[in-house]
Amino acid sequence: MYLRKRNGKWICEVSLRGQRYSKSFLLKSEGHAWGTKKEKEIYEGMNVETLSKYSLGDVLTKYKNNSLSGIKDNTRTAYIHQINKLERDYKWLLKIKLRDLTPEHFERFKAKRLKDVGSQHSKNNHRAVNNDLGLFGRVLNTALTIWHYPIQNHASKIKKLPEIKGKRIEETLTRNVYKKLLRHGTNKYFHLCLMILKHTGLRPIEVHNLKWKDFDDYRLKLYIRNPKNNRPREVDISRFLSNQISKVSKTNSEFIINFSQNAMKKRMQRLKAIYNLGDFELYDFRRYRTQRLINANKYNIGYVANQIGHSDWNMLGRYYGAQVR
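Scoring rules and cut-offs
- Residues numbered from 1 in each chain as written.
- Predicted model: local features only at pLDDT ≥ 70, side-chain atom pairs only at ≥ 80, totals over all residues.
- Heavy atoms only, no water.
- Buried < 20%, exposed > 50% of the residue type's maximum accessible area, 1.4 Å probe, protein only.
- Helix = DSSP H or I, 4+ residues; strand = E, 2+ residues; numbered from the N terminus.
- Pairing = 2+ DSSP bridges.
- Salt bridge = Lys/Arg side-chain N within 4 Å of Asp/Glu carboxyl O.
- Core = buried A, V, L, I, M, F, W, Y, C linked by side-chain atoms within 4.5 Å.
- Contact = heavy atoms within 4.5 Å.

1. Quick notes on the pairing of strand E6 (residues 233-236)
- Going residue by residue along E6, you find Arg233 and Val235 tucked away on one face and Glu234 and Asp236 left uncovered on the opposite face.
- The pairing of strand E5 (residues 221-224) with E6 spans 4 bridges and is antiparallel. Each bridged residue has a counterpart across the sheet, and for Leu222 the counterpart in E6 is Val235.

Here's what the structure looks like:
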């Protein structure tokens, strides 16, 4: 339904399933009421056999096969992994036919998913549940608006669980612990990776994707060519960090960090146990850098968002609240 004003009158247009209708009204409310009624008439005239023929799992599979083109490869891979997990672990939900689907099914899924992911009292686990509910909402919305299935988006009506808005790590990652991490072992790439994470707030995968051609020691910049949000950016670095990067001898590899991301994760898992770091993760360095930039009170929020790599400024709130003492 589309409403627009022309020559003092409101024009309402409805276009669904190859059918197109339009009518003019003096009041916008009248046009909206007419458009809503007309859409309902069209939906009721659709082939309702679709509801008894297809299950939620069929719709999810169709979404995976047909609606994930045009997005970044690693994002598509993450969606496919998420869908595959749902198909494997929640067959009882996916086998339900569309005609029988109700909000109660998604409420049951939320409770079951929360129990599977961990403690119901831990807000750290709520995001995984919310992400799955959000995926179901997108899938059903696509089925409704793009494929024109005569269904309701029950998943979008389910109340999301509260999430932690930022995570404080100063009690686990003190300056002394950070120094111990730097002194642990002799692998120079591990040490450099820690320093880049702490002083730039880059995502771990962005650090491991850095190439020597992305390093500008004259302008003190790191160029992020293939970020998560498909928006390349330049990140400012200090002279100290530039010198640390320059100290690493170039090898036959084109990458600055000649140390795999998997090796980095495994080493950090061992060190977490040694230094009792609790639930600390490499992403906490992004939280640390975000707070440092904001608390400096000399950078506008746009600059901070660009440095951290968020197109949505509201996302900064999830990373605000973690600072190394």
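2. Comments concerning the pattern of salt bridges
- This structure, assessed with the given rule, holds 17 salt bridges.
- We note a salt bridge from Asp116 to Lys112, for which the minimum N-O separation is 3.1 Å. Separated by 4 residues within a single helix, Asp116 and Lys112 lie in helix H6 (residues 103-117), roughly one turn from each other.
- The class for Lys112 is partly exposed, based on a relative accessible area of 36%.
- Linking Asp216 and Arg219 is a salt bridge whose minimum nitrogen-to-oxygen distance equals 3.6 Å.
- Judged by relative accessible area, which is 43%, Arg219 ranks as partly exposed.
- Each member of the salt-bridge network shares a partner with another, and the members are Lys85, Arg88 and Asp89.

3. Topic: the sheet that holds strand E4 (residues 215-216)
- An order of E4-E5-E6 is seen for the 3 strands of this open sheet, with the pairing classed as antiparallel. With one partner strand each, in any of the chains shown, E4 and E6 form the two edges of the open sheet.
- When E4 meets E5, the two strands line up antiparallel, connected through 2 bridges. Counterpart to Phe215 in the pairing with E5 is Leu222.

4. A few points about the nonpolar core
- Among the nonpolar cores identified, the biggest contains 33 residues, and Ile196, Ile245 and Ile257 are the most heavily contacted of them.
- The element best represented in this core is helix H9 (residues 188-200), accounting for 8 residues.
- When near neighbours in sequence (up to four residues on either side) are disregarded, Ile245 contacts Leu192, Ile196, Trp212, Phe215, Leu222 and Ile256.
- In terms of nonpolar packing, the next biggest core, distinct from the first, is built from 31 residues, Leu86, Phe109, Trp147 and Leu161 among them.

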